[in-house]
Amino acid sequence: MTSFVRDYRQRWGGPALAVALPDSTDDVAAVVRWCAAHGVAIVPQGGNTGLTGASVPAGIVGGAIAGHNGVSAPASPNPTAPTASAEPSATDTGAGPQPDRDRPVIVLSLKHLQRVRSVDLAGSTMVVEAGCTLAAAQAAAAAHGRLFPLSLASEGSCTVGGNLATNAGGVQVLRYGNMRELCLGLEVVTASGEVWHGLNRLRKNNTGYDLRDLFIGAEGTLGIITAAVLKLFPQPAGRVVALAQVDAPEQALALLVQAQSRLAAELTAFELMSADALGLVHRHFPELPVPFGAAAGATPAGQDPGAGQDTDARQDAGARHDADTGHDRARAGRQPVTRPWFVLLEASSLHSEAAAREGLETVLAAAMEAGTVRDAVLSGSLAQFAALWALRENISAAQSREGRNIKHDISVPIGRIAEFMVAAEAQLRAAYPAVRLTVFGHLGDGNLHFNVSPRAQFARQYDEAFAADEARVNHIVHDVVAAHEGAISAEHGIGVLRLAELARYKQPLELQMMRAIKAALDPDDRMNPGKLLPTYCKVMK
Ligand code: FAD
């Protein structure tokens, strides 16, 4: 039972009357109708890999929720958004986002709904049940020679229903879009226990409001997704990945523009990683080879993170082959590098691996000629392809092994990313001179995981001091995000983690429309209460 009522990070959770594991849509509907008749709230759950506490009963297990422990939100930075005192919020009521305390709640796990119902090659779609893991959906597509492109590090456990409810992103959004763009239709059990048969397979359907879009990204607060029509794509014949070293995020952006101009739809991933991020991977996964001394960015525990990031005294510059990794080197620069950054670029070709390689080599050669890229390695085999991707995929795990940090999943307009990072770092350093930043993410989507350790050391636990730092750091970072026309959640959602902050950064009119939708579809607030929508109950009364 514990695994159903505690979240992935062991940070949130609360008691549940029961865990329901229905086998079919009709069974889901029967459970929902029973809950409606008995006033029981429902927390829908897929793989329970969500990172905002939305997939478990609301409450606190491991520590503080931002805005709790007496830390209140300062006045809103957005003149059109409510201030913490202008509108009752989870923060200033002191009640926090825990309405489940006062009423019984069950966890409704979709894990047993895992059939692939059909595959339509002519229409390039498949109908998949909500509890199917993302990896199983990918495999089902591959078995028919097609690609289902959503790709997350959690794909072995997360489910299609959870991916839809969080509108998941991942590393291929640049080419294929996020989950919203990969879905044509839904089957949903409504809050009253009726089944909406919305498994639309049409590419064109202008017959009114797009109800599908309401349920995607709703975090289970409007209804329960039981199945979906997903889009399929041709399998690429070849994929090649390169790791490139650049001086600063501006150069990474310049490389993005060059790569998009040359590769267009063949550019399938463009990920940015700070030296500190790669350094953490090097320390905690020493078995993974890090090319061209990129791990020089590793900050030994307890050391100022600036150390080791300011120069890169590579002796082997100019070599064509990296002795540590066996990767082919495109070319190498010689100048000392300040604060190196790294970009992982992937090119895919429908024709051949050679075509993908040629495209990527052309981009990198031109970028080196232009001085945008200092050094780069290309994967020369499947093993090297996997090894380079492993560097990116293990950053989160390396961070967890290092200790706790304050995570931000932000997006800003792509062209403003470098400017955002300069401003955010300056503001953070003014408050915390020893601040340590571990930045990585989907630069091609304008989405960064901007993780902050306010002190040189990563924290070991959630405690009062961590909670106070977290609230302060969140406001610093998110105010800079708002000033750069960004969003405080790009792909992880709101859950309980960002609940108080949503009230701070959303326009009042947006919140009002969201509440109207919630009231129409779930008038008794029984679908995942206390998540996503700030102070829903208070405002409804
Ligand atoms: P859960 O965690 O079970 O639930 C998430 C939310 O969806 C909850 O609000 C829940 O109530 C709701 N929900 C679940 N199933 C249903 C349903 N059938 N109907 C209605 N509501 C439902 N996310 C990204 O976007 N991009 C990434 O790159 C990424 N990388 C990750 C890497 C790791 C290592 C981990 C642990 C997580 C990562 N995530 C990422 C976050 C997470 O995997 C995604 O949010 C994922 O989509 C959640 O799917 P799930 O099945 O685990 O959902």
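Residues numbered from 1 in each chain as written. Predicted model: local features only at pLDDT ≥ 70, side-chain atom pairs only at ≥ 80, totals over all residues. Heavy atoms only, no water.

> Sorry if this is basic, but what is going on with the environment of Gln172 here?
Relative to the helices and strands, Gln172 is located in the loop between helix H4 (160–165) and helix H5 (173–176). Ignoring any residue separated from it by four or fewer positions in sequence, one finds Gln172 in contact with Pro149, Ser151, Gly177, Arg239, Thr268, Ala269 and Glu346. In terms of polar contacts, Gln172 uses its side chain to reach the side chain of Glu346, at 3.3 Å. (Helix = DSSP H or I, 4+ residues; strand = E, 2+ residues; numbered from the N terminus. Contact = heavy atoms within 4.5 Å. Polar contact = N/O pair within 3.5 Å; in protein donor to acceptor, adjacent residues only side chain to side chain.)

> What exactly am I supposed to notice about helix H15 (residues 508–521) here?
Because each turn of an α-helix spans 3.6 residues, side chains separated by three or four positions end up pointing in the same direction. With 14 residues, H15 ought to run about 20 Å at 1.5 Å a step, and its terminal C-alpha atoms sit 20 Å apart, in line with that. What H15 keeps buried is the set Leu511, Arg515 and Lys518. Within H15, the buried residues cover an arc of 60° as seen down the axis, which keeps them to one side. Every exposed residue of H15 that faces more than 90 degrees away from the buried side is listed here: Gln512 and Ala520. (Expected span 1.5 Å × (residues − 1). Buried < 20%, exposed > 50% of the residue type's maximum accessible area, 1.4 Å probe, protein only. Arc of directions from axis to C-beta.)

> In this structure, what is going on with the site of the ligand? I would like to understand it.
Not every one of the 34 residues close to the ligand is listed here, only the nearest: Pro44, Thr49, Gly50, Ser154 and Thr159. Within the contact set of the ligand, a nitrogen atom lies 3.2 Å away from a side-chain nitrogen or oxygen of Glu491. Among the elements of the structure, strand S2 (41–45), H4 and strand S9 (223–231) are those that each provide at least two residues to the shell around the ligand. In terms of residue count, the dominant contributor to the shell around the ligand is H4 (four residues). (Near = heavy atom within 4 Å.)

> Would you explain the environment of Ser151 in this entry?
Looking at where Ser151 falls in the secondary structure, it is placed in the loop between strand S6 (146–147) and H4. Only 3.4 Å separates the side chain of Ser151 from the side chain of Glu155, close enough to count as a polar contact.

> Explanation requested: the nonpolar core in the structure shown.
Among soluble globular proteins, nonpolar side chains are generally buried collectively. With 50 residues, the main nonpolar core has Leu255, Leu345, Phe420, Met421, Leu428 and Phe450 as its most contacted residues. If we ignore the near neighbours within four places in the chain, the residues touching Met421 are Pro249, Leu272, Trp341, Val439, Leu448 and Phe450. With 30 residues, the next largest nonpolar core counts Leu134, Leu164, Val188 and Leu232 among its residues. (Core = buried A, V, L, I, M, F, W, Y, C linked by side-chain atoms within 4.5 Å.)

> Quick question: what am I supposed to make of the pattern of salt bridges here?
Any two side chains of opposite charge can pair, given that their charged atoms come close. Enumeration over the complete set of coordinates arrives at 25 salt bridges. In this structure, Lys518 engages Asp522 in a salt bridge whose closest nitrogen and oxygen atoms are separated by 2.8 Å. You'll find Lys518 and Asp522 in the same group, each marked buried. (Salt bridge = Lys/Arg side-chain N within 4 Å of Asp/Glu carboxyl O.)

> When you look at the packing of aromatic side chains in this model, what are you seeing that I'm missing?
The description of two aromatic rings rests on the distance between their centres and on the angle between their planes. Tallied over the full model, the rule gives four aromatic pairs. On the basis of an interplanar angle of 70° and a centroid distance of 4.9 Å, the ring pair of Tyr176 and Phe233 is categorised as edge-to-face. With Tyr176 in helix H5 and Phe233 in strand S10 (residues 233–234), the pair connects residues that are 57 residues apart, well separated along the chain. We note that Tyr176, like Phe233, is buried. Geometry around Tyr432 places Arg472 over its ring, the cationic atom sitting 4.9 Å from the centre. (Phe/Tyr/Trp six-rings, centres within 6.5 Å; stacked < 30°, edge-to-face > 60°. Lys NZ or Arg CZ within 6 Å of the ring centre and 35° of its normal.)

> How should the packing of helix H7 (residues 249–263) against helix H9 (residues 353–369) be read in this particular structure?
Geometrically, a packed helix pair is captured by the angle between its two axes and the distance between the axes. Across the interface, H7 lies against H9 with an axial gap of 10 Å and an inter-helix angle of 140°. When the interaxial angle is binned, H7 and H9 end up oblique. The interaxial crossing formed by H7 with H9 has right-handed handedness. Every residue of H9 that contacts H7 at Leu255, Gln258, Ala259, Arg262 and Leu263 is listed here: Glu358, Gly359, Leu360, Thr362, Val363 and Ala367. Its residues assigned to classes, the contact of H7 with H9 comprises six nonpolar, three polar and two charged. (Axes fitted to C-alpha atoms, helices over the stretch in contact; angles between N-to-C directions. Parallel < 35°, antiparallel > 145°, perpendicular 65-115°, else oblique. Left-handed = near helix turned anticlockwise from the far one by under 90°. Nonpolar A, V, L, I, M, F, W, Y, C, P; charged D, E, K, R; others polar.)

> Would you mind going over the sheet that holds S2 with me for this structure?
Adjacent strands of a sheet form backbone hydrogen bonds with each other and so pair up, either parallel or antiparallel. With parallel pairing, the three strands of this open sheet are ordered in space as S1-S3-S2. Each edge of the open sheet carries a strand with a single partner, namely strand S1 (18–20) and S2. Pairwise comparison of adjacent strand axes, ignoring direction, gives a mean angle of 30° for this sheet. Of the pairings in the sheet, the one linking S2 to strand S3 (residues 105–109) comprises five bridges and is parallel in character. Bridge pairing in S3 links Ala41 to Val105. Docked against the sheet, helix H2 (residues 25–38) engages S1, S2 and S3, running at close to 175° with respect to S3. (Pairing = 2+ DSSP bridges.)

> So what exactly am I meant to see when it comes to helix H13 (residues 464–483) here?
For H13, with 20 residues, the first-to-last C-alpha span of 29 Å sits near the 28 Å given by 1.5 Å per residue. The N-terminus of H13 is capped by Asp463, whose side-chain oxygen sits 3.2 Å from the backbone nitrogen of Ala465. Glu485 occupies a position one or two residues after H13 and carries a positive phi of about 60°.

> Is there a simple way to explain the layout of surface pockets in this structure?
Of the voids in this model, the second largest pocket is the one considered here, and its volume is about 900 Å³. As for the second largest pocket, its lining consists of 37 residues, of which Ile494, Leu502, Lys506, Met514 and Leu532 are closest to the centre. Going through the elements one at a time, helix H6 (211–215), H13, helix H14 (499–505) and H15 are the ones with two or more residues in the lining of the second largest pocket. The element that contributes the greatest number of residues to the lining of the second largest pocket is H15, accounting for five residues. The residue makeup of the lining of the second largest pocket, split by class, is 18 nonpolar, eleven polar and eight charged. (1 Å grid on protein atoms, 1.4 Å probe; cavity = no way out; pocket = protein on both sides within 12 Å on 5 of 7 lines; lining within 4 Å. Points joined across faces, edges and corners; volume = space filled by probe spheres on them.)

So yeah, pure geometry; function would need other evidence.
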